[in-house]
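Structural overview
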Amino acid sequence: MFKNSVKQFGLVAVTSCVAFNVWAIGGGGGSSADKMIIGDSIFALSGDIHSYLEDDLDESIDTHARSGCQVNGGSLICSSRYTIPNQYDNADKDGIETVIMNGGGNDFLLGDGADCETQACVEEVLTGIEQTLAGLFNDMQNDGIQEIIFLGYYDTDDEDNVAINTMSMAYKAANYPQMGVDFIDTRPAFAGNEGQYISSDGIHPTAAGSRVLADLILQELD
């Protein structure tokens, strides 16, 4: 059921890889920043969300997000060395109080979920993602991180991926608050504005879409 659409998304992600700029391979670190970004190409490909947040807050924000990275496992685009948990583990966390992040999409576009053809497979991959993220959140809190902001995925025009995203976002909305994580459901802000907010590759936010996502993050920042 899910196989063909996910493979098409993976091809788009590989194509986008050719156009990487500095944000696609991560940046920041080693500064006096008290905020850190980890995640995938929603943050990394253009770097717009990071730039908007720095400009609006008038402060530096460390970013370790990389395009193509998964929560579990690696690919030709982003090796397992840079999984989203490893982005956090390998970062200089001195002085960091807030982590802004996302993750899980590439586990379906490029990882184990790309071969899913059944509901049971999708649920198994989602469970693995959430188990890993729960451990990561616990590690962050043990490290003294005061605020974790998780940026959810907006819906695209692919029905199969919308079905997966609906399950994932429902779990996050129901469980993340109890885990001490500020979950941002981006779907309402993008609904009806997909043509303006999602780029022609069908995945990544445009500059206008990134502006909306940055504004949603700013609303959550303490």
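Every value quoted in this text rests on a predicted model; they were computed, and no experiment measured them.

The rules we used
- Residues numbered from 1 in each chain as written.
- Predicted model: local features only at pLDDT ≥ 70, side-chain atom pairs only at ≥ 80, totals over all residues.
- Heavy atoms only, no water.
- Phe/Tyr/Trp six-rings, centres within 6.5 Å; stacked < 30°, edge-to-face > 60°.
- Buried < 20%, exposed > 50% of the residue type's maximum accessible area, 1.4 Å probe, protein only.
- Lys NZ or Arg CZ within 6 Å of the ring centre and 35° of its normal.
- Disulfide = S-S within 2.5 Å.
- Pairing = 2+ DSSP bridges.
- Helix = DSSP H or I, 4+ residues; strand = E, 2+ residues; numbered from the N terminus.
- Contact = heavy atoms within 4.5 Å.
- Core = buried A, V, L, I, M, F, W, Y, C linked by side-chain atoms within 4.5 Å.
- Axes fitted to C-alpha atoms, helices over the stretch in contact; angles between N-to-C directions.
- Left-handed = near helix turned anticlockwise from the far one by under 90°.
- Nonpolar A, V, L, I, M, F, W, Y, C, P; charged D, E, K, R; others polar.

**Details of the packing of aromatic side chains**
Tallied over the full model, the rule gives seven aromatic pairs. Each ring, one from Tyr176 and one from Phe183, has its centre 6.2 Å from the other, and the planes form 85°; the classification is edge-to-face. With relative accessibility at 0%, the residue Tyr176 sits in the buried group. In this structure Phe183 comes out as buried when scored by relative accessible area, which is 16%. One aromatic cluster is present, formed by Phe137, Phe150, Tyr171, Tyr176 and Phe183 through successive ring pairs. Between the NZ or CZ atom of Arg66 and the centre of the ring of Tyr82, over which it lies, the distance is 3.6 Å. Arg211 extends its terminal NZ or CZ atom over the ring of Tyr52, reaching a point 4.7 Å from the ring centre.

**Here we look at the state of the cysteines**
Within this structure, the stated rule accounts for two disulfides. Covalent S-S linkage joins Cys69 and Cys78, the inter-sulfur distance amounting to 1.8 Å. Because the sign of the S-S torsion sets the handedness, a value of about 70° for the bond joining Cys69 and Cys78 places this disulfide among the right-handed ones. Covalent S-S linkage joins Cys116 and Cys121, the inter-sulfur distance amounting to 2.0 Å. Residues Cys116 and Cys121 are joined through a disulfide that is left-handed, its torsion about the S-S bond being -70°.

**Topic: the sheet that holds strand 2 (residues 62-63)**
What the five strands build is an open sheet, ordered 2-1-3-4-5; its pairing is parallel. Strands with a single pairing partner mark the edges of an open sheet, and in this sheet they are strand 2 and strand 5 (181-184). Looking at chain direction, strand 3 (residues 98-101) and strand 4 (residues 147-151) are connected through four bridges and run parallel. Paired with Ile100 across the two strands is Ile149, which belongs to strand 4.

**Some points on the environment of Tyr171**
Tracing the backbone shows Tyr171 in helix 7 (residues 159-175). With 45 residues separating them along the chain, Tyr171 and Leu126 place their C-alpha atoms 9.5 Å apart. Non-local contacts of Tyr171, meaning those with residues more than four positions away in its chain, are made with Glu130 and Tyr176.

**Details of the nonpolar core**
Grouped together as the largest cluster of nonpolar side chains are 50 residues, with contacts concentrated most on Ile38, Ile49, Met101, Leu133, Met140 and Ile217. Sort the elements by how many residues they give to this core and helix 6 (residues 119-142) lands first, with eight residues. Look past the residues within four positions of Met140 in its chain and what remains in contact with it is Ile38, Tyr88, Val99, Met101, Ile145 and Ile148.

**Quick word on the pairing of strand 3**
What you see with strand 3 is no split at all: Thr98 and Ile100 on one side and Val99 and Met101 on the other are buried throughout. Of the pairings in the sheet, the one linking strand 1 (residues 35-38) to strand 3 comprises four bridges and is parallel in character. The partner of Ile37 across the bridge, within strand 3, is Ile100.

**Focus: the packing of helix 6 against helix 7**
At a minimum axis distance of 11 Å, the contact between helix 6 and helix 7 shows a crossing angle of 40°. The crossing of helix 6 and helix 7 is right-handed. Of the residues in helix 7, those touching helix 6 at Gln119, Val122, Glu123, Leu126 and Glu130 are Ile164, Met167, Ser168, Tyr171 and Lys172. In the contact of helix 6 with helix 7, the residues fall into five nonpolar, two polar and three charged.

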